Amino acid sequence: MLNNDAALETEALTIRFGGLVAVRDFSVRIPRGSIVGLIGPNGAGKTTCFNMVTGFYKPTEGRILFNGQDITGWLPHKVCSAGIARTFQNIRLFHTASVIQNVMVGARIRQSTTWWHALLNLPSYWKEEREVREKALYLLDAVGLKQFADEESGGLPYGAQRRLELARALATDPSFLLLDEPAAGMNPNETQELMGFVKDIRNRFNLTILLIEHDMRVVMGICEHIWVLDYGVTIAEGRPEEIRSNQKVIEAYLGEEYVRDA
Amino acid sequence: MDPKLKRNYTLNGVAVLLLVGGLFWAKGNLDGYKIQIMNLIAVYIILALSLNLIYGFTGLFSLGHAGFMAIGAYTCSLLILPATYKQTMFLLQAPMWPFSVMHAPFFVAVVMAGLVAAFFGFLIGLPVLRLGGDYLGIATLGFAEIIRVLANNMPRVTNGALGLKGIPSYSNLWWNYGWCLLTLFVIIRLVRSNFGNALKAIRDDEVAARAMGINTFRYRLISFTIGAFFAGVGGALLASLLTTIDPRMFIFTLTFNVLMIVVTGGLGSITGTVLAGIVITVLLEWLRFVENPISFAGMTVPGIPGMRMVVFSLALLFIILFRHQGIMGRREFSWDWIFNFLRRKGEA
C-alpha cells in the first residue's frame, strides 16, 4: 500500500538516555494523505518517537525526512514552521488565555508582521491581526467551539479542550499532524465523533496524520497502516487486520481479552 | 469603525485630556513636595510596567531592574551634565573621553539611556535567558550587582562612590507623564497584539509554545530588551528628578520597590500596575511618619529608621498570603468592563 510519495520518513531512529535505549531502529514511511497509527504498551517509546520527530529530543542515531528534507535535530519551532504540528498526551493549553487567543498563538508563526509593526500602527499590522482572528474563528468553527471563543480555555470541559488543542495545531498550517492519544478520557460517543472528525479534518486540510492511541476501536477504525512498538523496538507493522491477527502484537499488547472479543 | 472601538478611543482621549488638565492644576496649586511625589509616581509606573512586561507577561523572573536603571541614570546624567561642570565635579580622576565632552538635549539623553540599557539587556539576555525560573532571578540579580560594583570602581566614568551631583533637573511633570503615557501605549499595544499572546503563551506553557512554532528564546529576548529599555528610561528620569546619583542608590532595595508594585498590582495586569504604582509611591512617602518619633496618649515612641520597610515587607507578606494574585490579578480595568458593570447596575 505504500506508494513513493512519503510525507514523513524516518530511518533507523535510535535514542539513548544514558544507558537506556528508549527507541531502537524506528523506521517508518508515511504516505501523503494517509492516517496511520503508532501503538504499543505504556512506556514503549511512542511519545519519545513524537518528541524526536517534533524536535524536542535529538535522536542519537538515524534520520528524519519530511517531504524529502532532512529535519533531524531541528529545533521544535523550525519543525513546526516546516509544517509539522502536534497535540499532547496531557493537554497543554495556554490556560490563562481565552479560547480564541490559544488558536491565534498557533497562527502567529504564519504572521509576517511583528512587535514593532504593532507600535507603529501600520495598516498592514491591523489587517493581519484581523486575518489571524478570522482564521482562528474559522478553525474554532471547524472544531465546534466558536461559541466559546472568548471564554477562558482552562474552564472548558475535557473533550472541548482536546478539540481546542487540535484547532491550535491546525492554526500553524501544518501538512502533517501528530496526535498523541486524541481519544484519551473520552466516552464511547465522543470517541465515535472523534473518528469522523479526524477523517474530516484530514480531507478538509489535506493532512497526513500520525496518531498514538490506546483505544483499539479508534486505531482499527481509522488507521490505514499501523506500527507497533514494544520496549522501543518495532515488533510489527501492517494494515489493521494484519496487526489484529499478528501473534507478537497480541502477546505484547492487545492481550487475551481483545482476542476473545475479536 | 466599530462604535465600541470609537467610544473607547474617545474615552482614552478624554482621559489623557483630563490628565493634562490635572497636571496643569497640580503645577499651579500643589507645593513642591507633592509635585515631587507625583513625579515619582510617574517614574515608578514606568519602571513597574517594564518589569511587568518581563515578569508578569513573559514569566521571566528578573531581579536586574536596578542594574538597568543605573545604566540609564548614568548615561542620561553624563549626557546632560555640562562638560565644564563635569571637569570640576570629577574629584578622584579626570573624566574619560568621550564621557567628558558628550552632551545632548534631555529628550535625546533619555532615549539614549533607554537604548544603552536595552543594549545591555540584550547582551545579558543572550546567555541568561536560556535559564529558567529561580536561576534567571539569581543571574539577573548578579548582573545588577556587577553594574553597581562597576559604577563604584570606574571613577573616570561614574566619579566612583562620590556619584554625580548637580544633574540638571529637566525632569518635570510633563516629561515624566509623557514618558509614562508612551510606556503605557507601547506595553498595551504589545500585550494586546498577537505577539503579546505569544509572550503570555510562553509564560503559560513553554513546551506547547515551542511546539506551536514560537521561537521562545527570541520572544523572551525581545521582551527582556524592551523591558530593559524602559527601565533605563525610568532610571534616566529619576536621575534628573533627584539631580544626584551614586552607586549606593542602585542597591537591591530599588528593584524590590519596583517588584513590590508589580506583585501588589497583579502580575500581568497593566491597570493593576498603575494603581499599585500610585498607592505604593504615596505610601512610601506617607509612611515616613512611622520613622519619626510618635507621641500617642502622652507616651512618646522614638523613631526607628527603616521602620517603613518593615511595614512594607509585612504588607507584601500579607498580600502574598491572602491575595497572592495582587490587587487586580490578571484582570484589567477597561472601558468595556466599566460599561458592562454600569449596565448590570442599571438593570438590577
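Residues numbered from 1 in each chain as written. Chains lettered and ligands numbered in written order. Predicted model: local features only at pLDDT ≥ 70, side-chain atom pairs only at ≥ 80, totals over all residues.

**Overview of the overall build of chain B**
Tallying secondary structure elements over chain B gives 15 helices and two strands in all. Relative to the 2.2 N^0.38 estimate, which gives 20 Å for 348 residues, the radius of gyration of chain B is 21 Å and therefore close to what a compact globule would have. Taking the principal axes of the C-alpha coordinates as reference, chain B spans close to 70 × 65 × 40 Å. Relative to its full complement of 348 residues, chain B shows a buried share of 45%. (Helix = DSSP H or I, 4+ residues; strand = E, 2+ residues; numbered from the N terminus. Rg over C-alpha atoms; globule rule 2.2 N^0.38 Å. Buried ≥ 20, exposed ≤ 12 C-beta atoms within 10 Å, placed from the backbone.)

**Digging into the overall build of chain A**
Secondary structure summary: chain A contains ten helices and ten strands in total. The C-alpha atoms of chain A give a radius of gyration of 19 Å, which matches the 18 Å a tight globule of 262 residues would have. Along the first, second and third principal axes, the C-alpha set of chain A runs to 65 × 40 × 35 Å. Burial status across chain A gives 43% buried among its 262 residues.

**A short note on the nonpolar core**
Residues and elements named next belong to chain B. In terms of nonpolar packing, the biggest core is built from 172 residues, with I46, M69 and A117 touching the most fellow members. If you tally residues by element for this core, the top one is helix 2 (residues 32-57), at 16 residues. Apart from residues lying up to four places away in sequence, I46 is in contact with W179, C180, T183, F230, V233 and G234. (Core = buried A, V, L, I, M, F, W, Y, C linked by C-beta atoms within 7 Å. Contact = placed C-beta atoms within 7 Å.)

**Examining the pairing of strand 8 (residues 208-212) of chain A**
Looking along a regular strand, one sees side chains alternate from face to face of the sheet. Residues and elements named next belong to chain A. Most of strand 8 is tucked away: five of the five residues are buried. Here strand 8 shows no split at all, with T208, L210 and I212 on one side and I209 and L211 on the other all buried. As judged from the four bridges shared by strand 3 (residues 35-39) and strand 8, these two strands associate in the parallel manner. What sits directly across from L38, in strand 8, is I212. Pairing of strand 7 (residues 176-180) with strand 8, which is carried by five bridges, proceeds in the parallel orientation. Looking across to strand 8, one finds that L179 is bridged to L211. As a crossover connection, the stretch from strand 7 through helix 7 (residues 188-204) into strand 8 is right-handed. (Pairing = 2+ DSSP bridges. Right-handed = clockwise from strand over helix to strand, strands pointing away.)

**Here's the deal with the environment of D173 of chain A**
Residues and elements named next belong to chain A. Mapped onto the fold, D173 is located in the loop between helix 6 (158-170) and strand 7. By C-beta crowding, D173 is classed as partly exposed, having 16 other C-beta atoms within 10 Å. Distance in space between the C-alpha atoms of D173 and V79 is 12 Å, their sequence separation being 94 residues.

**Structural notes on the interface of chain A and chain B**
If you look at the interface, chain A gives 27 residues, while chain B gives 22 residues. For the side of chain A that touches chain B, the elements supplying multiple residues, two or more each, are helix 2 (76-82), helix 3 (99-107), helix 4 (115-120) and helix 5 (123-142) of chain A. Among the residues making up the side of chain A that touches chain B, the classes are represented as twelve nonpolar, ten polar and five charged. (Nonpolar A, V, L, I, M, F, W, Y, C, P; charged D, E, K, R; others polar.)

**Observations concerning helix 5 of chain A**
End to end, helix 5 of chain A covers 29 Å across 20 residues, agreeing with the expected 28 Å (1.5 Å per residue, within 8%). Within helix 5 of chain A, burial applies to Y125, E128, V132, A136, L139 and L140 of chain A. Down the axis of helix 5 of chain A, the smallest arc covering the buried residues is 115°, so these residues share one side. Facing away from the buried side of helix 5 of chain A by over 90 degrees, the exposed positions are P123, K127, R130 and E134 of chain A. On its buried face, helix 5 of chain A is in contact with helix 3, helix 4 and helix 6 of chain A together with helix 9 (194-204) of chain B. (Expected span 1.5 Å × (residues − 1). Arc of directions from axis to C-beta.)

**Section: unusual backbone geometry**
The phi dihedral of N121 of chain A is positive, around 65°, even though this residue is not glycine. Looking at the secondary structure, you find N121 of chain A in the loop between helix 4 and helix 5. In this structure, T243 of chain B takes a positive phi of about 65° despite not being glycine. Its place among the elements puts T243 of chain B in the loop between helix 11 (216-242) and helix 12 (252-265).

**Structural notes on the packing of helix 3 (residues 65-80) of chain B against helix 11 of chain B**
Residues and elements named next belong to chain B. Closest axis-to-axis distance for the helix 3/helix 11 pair is 6 Å, and the angle between their directions is 55°. As summarised for this structure, helix 3 and helix 11 are arranged oblique, according to the angle between their axes. The handedness of the crossing between helix 3 and helix 11 comes out as right-handed. Listed contacts from helix 11 to H65, F68, M69, A70, I71, G72, A73, T75, C76, S77 and I80 of helix 3 are A228, A231, G232, V233, G234, G235, A236, L238, A239 and S240. (Axes fitted to C-alpha atoms, helices over the stretch in contact; angles between N-to-C directions. Parallel < 35°, antiparallel > 145°, perpendicular 65-115°, else oblique. Left-handed = near helix turned anticlockwise from the far one by under 90°.)

**Structural notes on the pairing of strand 2 (residues 20-31) of chain A**
Residue and element names in this part refer to chain A. Summarising the sheet, strand 1 (residues 6-17) and strand 2 pair through eight bridges and their orientation is antiparallel. Bridging from a neighbouring strand, E9 pairs with R29 of strand 2. Between the end of strand 1 and the start of strand 2, which pair antiparallel, lie two residues, with G18 showing a positive phi angle near 60°.

**A look at the environment of R110 of chain A**
As for its placement among the helices and strands, R110 of chain A is situated in the loop between helix 3 and helix 4. When the C-alpha atoms of R110 of chain A and L75 of chain A are compared, they prove to be 17 Å apart, with 35 residues separating the residues in sequence.

**Section: helix 3 of chain A**
Within helix 3 of chain A, nine of the nine residues are buried, leaving the element largely enclosed by the surrounding structure. When helix 3 of chain A is considered as a whole, its buried residues turn out to be V99, I100, Q101, N102, V103, M104, V105, G106 and A107 of chain A. Against the buried residues of helix 3 of chain A lie helix 5 and helix 6 of chain A together with helix 9 of chain B.

**Section: the packing of helix 8 (residues 173-192) of chain B against helix 11 of chain B**
The description of two helices packed together rests on the angle between their axes and the distance between the axes. Residue and element names in this part refer to chain B. As a packed pair, helix 8 and helix 11 sit with axes 11 Å apart at the nearest point and diverge in direction by 170°. Between helix 8 and helix 11, the interaxial angle falls into the category roughly antiparallel. Facing W175, N176, W179 and T183 of helix 8, the residues of helix 11 in contact are F230, V233 and L237.

**What about the confidence of the model for chain B?**
Reading predicted coordinates in detail is not appropriate for stretches of low pLDDT. Residues and elements named next belong to chain B. Of the residues in chain B, 99% reach a pLDDT of 70 or more, and the chain-wide mean stands at 90. For chain B, strand 1 (residues 294-296) is the element with the lowest average pLDDT, namely 73, and helix 11 is the one with the highest, namely 97. Here the predicted complex carries an ipTM of 0.89, next to a pTM of 0.91. (pLDDT = per-residue confidence, 0-100.)

**Things to note about the environment of N51 of chain A**
Residues and elements named next belong to chain A. Here N51 shows up in helix 1 (residues 46-53). Overall, the presence of 23 C-beta atoms within 10 Å leaves N51 in the buried class. With 25 residues separating them in the primary sequence, N51 and P76 have C-alpha atoms 9.0 Å apart. Setting aside chain neighbours within four positions, we find N51 in contact with F56 and Y57.

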